[in-house]
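Spelled out, the chains give:
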Amino acid sequence: MAIIFKAPDALCDVPMHYCPGCTHGIAHRLVAEAIDELEIEGKTIGISPVGCAYNNYLYFNCDMIQAAHGRAPAVATGVKRSLPESIVFTYQGDGDLAAIGTAEIVHAAARSENITVIFINNTIYGMTSGQMAPTTLLGQVTTTTPYGRDASYSGFPIKVCEMLATLEGPAYIERVSLHDIKNIKKAKAAVKKAFKVQIAGKGFSLVEILSTCPTNWGLNPVESMKRVENEMIPHYPLGVFVGADLEV
Amino acid sequence: MGQKLLMKGNEVIAEAAIRAGCRHYFGYPITPQTEIMHYMAKKMPLVGGVFLQAESEVAAINMVYGAASAGKRVMTSSSSPGISLKQEGISYIAGAQLPAVIVNIMRGGPGLGGIQPSQSDYFQATKGGGHGDYRMVVLAPAGVQELYEMTVEAFNISDRYRIMTMILGDGVLGQMMEVVNFRDEEIVEDINKSWAANGHDNKREHNMVTSIHLDPAVLEQWNIGFQDKYKLISQNEQRYELYNCEDAEIILVAYGSVSRICKGVIKEAAEQGIKLGLVRPITLFPFPVDAFEKVINIPKAFLTVEMSAGQMVEDVKITINGRKPVYFTGRMGGMIPTVKDIMTKVMEIKEKHR
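Read on for an overview of the structure. (Residues numbered from 1 in each chain as written. Chains lettered and ligands numbered in written order. Predicted model: local features only at pLDDT ≥ 70, side-chain atom pairs only at ≥ 80, totals over all residues. Heavy atoms only, no water.)

## Focus: the overall build of chain B
Stated precisely, the cut-off is as follows: The helix and strand labels rest on DSSP assignments: H or I over at least four residues marks a helix, E over at least two residues marks a strand, and numbering proceeds from the N terminus. For the radius of gyration, the atoms used are the C-alpha atoms, and the globule rule reads 2.2 Å times the number of residues raised to 0.38. Each residue gets one of three labels from its accessible area relative to the maximum for its type: buried under 20%, exposed over 50%, partly exposed in between, using a 1.4 Å probe on protein chains only. Any pair of residues with heavy atoms lying within 4.5 Å of one another is described as a contacting pair. For accessible areas, the Shrake-Rupley method is used with a probe of radius 1.4 Å. Any residue's cover is judged against the shown protein chains and nothing else. The positive count covers Lys and Arg only, the negative count covers Asp and Glu only, and His and the chain ends enter neither. Throughout, a charge is located at the NZ atom of Lys, the CZ atom of Arg, the CG atom of Asp or the CD atom of Glu.
Tallying secondary structure elements over chain B gives 12 helices and 15 strands in all. Taking 354 residues into account, the globule formula puts the C-alpha radius of gyration at 20 Å, and chain B, at 21 Å, falls close to it. Projected onto its principal axes, the C-alpha coordinates of chain B cover approximately 75 × 50 × 40 Å. Here chain B, with 354 residues, has 59% of them falling under the buried criterion. Here the analysis covers contacts within chain B between residues at least 6 apart in sequence; of these, 80% occur between residues at least 24 apart. As displayed, chain B offers around 14100 Å² of accessible surface, 52% of which is attributable to carbon and sulfur atoms. In chain B, the 37 positive side-chain charges and the 39 negative ones have mean positions that sit 3 Å from each other.

## Overview of the packing of helix H1 (residues 9-19) of chain B against helix H6 (residues 144-161) of chain B
All names here are of chain B. Defined as follows: Only C-alpha atoms enter the line fits that serve as axes; for helices the fit covers just the stretch in contact. Angles between N-to-C directions range over 0 to 180 degrees. The crossing is said to be left-handed when, going from far helix to near helix, the turn is anticlockwise and less than a right angle, and right-handed when the turn is clockwise. Residues are grouped as follows: nonpolar covers Ala, Val, Leu, Ile, Met, Phe, Trp, Tyr, Cys and Pro; charged covers Asp, Glu, Lys and Arg; every other residue, Gly included, is treated as polar.
The geometry of H1 relative to H6 is characterised by a closest axis approach of 8 Å and an angle of 35° between their N-to-C directions. The two elements H1 and H6 meet at a crossing, and its hand is right-handed. Of H6, the residues touching H1 (which contributes Gly9, Val12, Ile13, Ala16, Ala17 and Arg19) are Val144, Leu147, Tyr148, Thr151, Val152 and Phe155. Of the residues contributing to the contact of H1 with H6, the split by class is nine nonpolar, two polar and one charged.

## Some words on the environment of Asp159(B)
Residue and element names in this part refer to chain B. Applied cut-off: Polar contacts, as counted here, are pairs of nitrogen or oxygen atoms within 3.5 Å of one another; within protein the pair requires one atom able to donate a hydrogen and one able to accept it, and residues that are adjacent in sequence qualify only if both atoms are side-chain atoms.
For aspartate 159, the location among the structural elements is in helix H6. On the basis of relative accessibility, which here comes to 8%, the residue aspartate 159 falls in the buried class. Spatially, the C-alpha atom of aspartate 159 lies 9.8 Å from that of valine 101, the residues being 58 residues apart in sequence. Excluding anything up to four places from it in sequence, aspartate 159 contacts Arg73, Pro99, Ile191 and Lys193. A polar contact of 2.8 Å, which involves the side chain of aspartate 159, links it to the side chain of arginine 73.

Purely spatial values, then, with no claim about function.
Next up, the structure:
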């Protein structure tokens, strides 16, 4: 019997702990498919964040390193500078990358570290139970903005792709979404391109993936997908910010 | 044969690291240790190594975490306020059991403090400046030759036990110039790092470097393993110098540059007919309890001298455990105790124990 669809080899055959309707599972699959298709699992080293994906070192079949909160780009720098022939990726959420790890991501991008960053933006802290993230939208209710995020008090959401695109370092930056099949396919292409940019030695690549958090948003999975489309994309427009013409 | 050179302490640390096979250095500038960075910036490209100036001490220690996870010999250096910033990474390195060498050329604190020499980071270095039940090996050289030898040794110890080793010096040691005799070749232990996350090449299961274990029963087992390792290190790696201890009325206890001042005190006292000895801990963790057992019956009292408010003296008291009186004298804030300061305390103790 022919196998026409299977789990990627780069994913371990273990149960994941993510909540129903959370898009981490899809994002993991896209990363693993890219690793499989590019045949790089044996030389790939992934860096796990602090946040809901803290233990995805158990899910990816390549060598994995668990990093402190926000420090994954610095850890990745240490690995990549030690093993220039390896493929190094970080997998980070919005609290990890855009709050506590702002310095590390900005400088890794500025140095054009030849690494790939998978950035999960779901506008909230998931693991610690729904606090305001740097990407939380204005008016959004979280456990630390119970009356909605007020710009005059808590400031404005950070647009990571746009901010990093002002630097000369990055080779490729794209924002994608997982809210429907068409966009998942686009996201897959972006993730694969990011790895190809690294393989070609072009420098820093980052894919921001607009994602869901049904549990902490208080929405069901279908409503969550709609929120990504109707509320997040208007504030976080999809598209390529750096490297649109880059052929790899 | 070897090579005899006049060099500054900080530069010797950098040169020794390269000789020990360290090809990865990540740092951030801070006085009084920045010459280590300068030397690395110049030399690493010439030996095919990596020197990288990080955006912060926090980033630098996490780059160390990355390179160590990849199985490489790696070092960072800083001074007191910078070492405080590195504590997060230090705790993670301890939790993930990674070998790495960290240099702290201490200056006066707390806070931004000053830039003059101090020994006030003893607690931070030996008791765990970061969170969790962890230790690291702490080496306290007292001269430029020892900075060389111990930096090489630090890499071997780190690899051997999968542990961090700190070179704990002070501004005097970092800035002083002395003659150093380099060996032609270093004894670089070749230690298996099959645990490293360096790409499995489709030849083995994937390696995972981590410090998180949410199941408390599992985390307890990890901690028990750490403690067993620290016990083994305590048995195997104590280093110390006993100087002039036979028939000493009072035995001084001092490490690093202060131990050199104490040797001056011993000489001065001898001229006055007073017999003093010195226990010089070279490893601060493991604390050289064996040294004290060897001399415990000799003196009337022990006098610990530090450039701090009295930190190591607590370990001396724990070790002596009431068997002999233990006194302390020291200076703080970057002030260096003089022979006269110490002699005054010696006379005071002598008077008390006539």
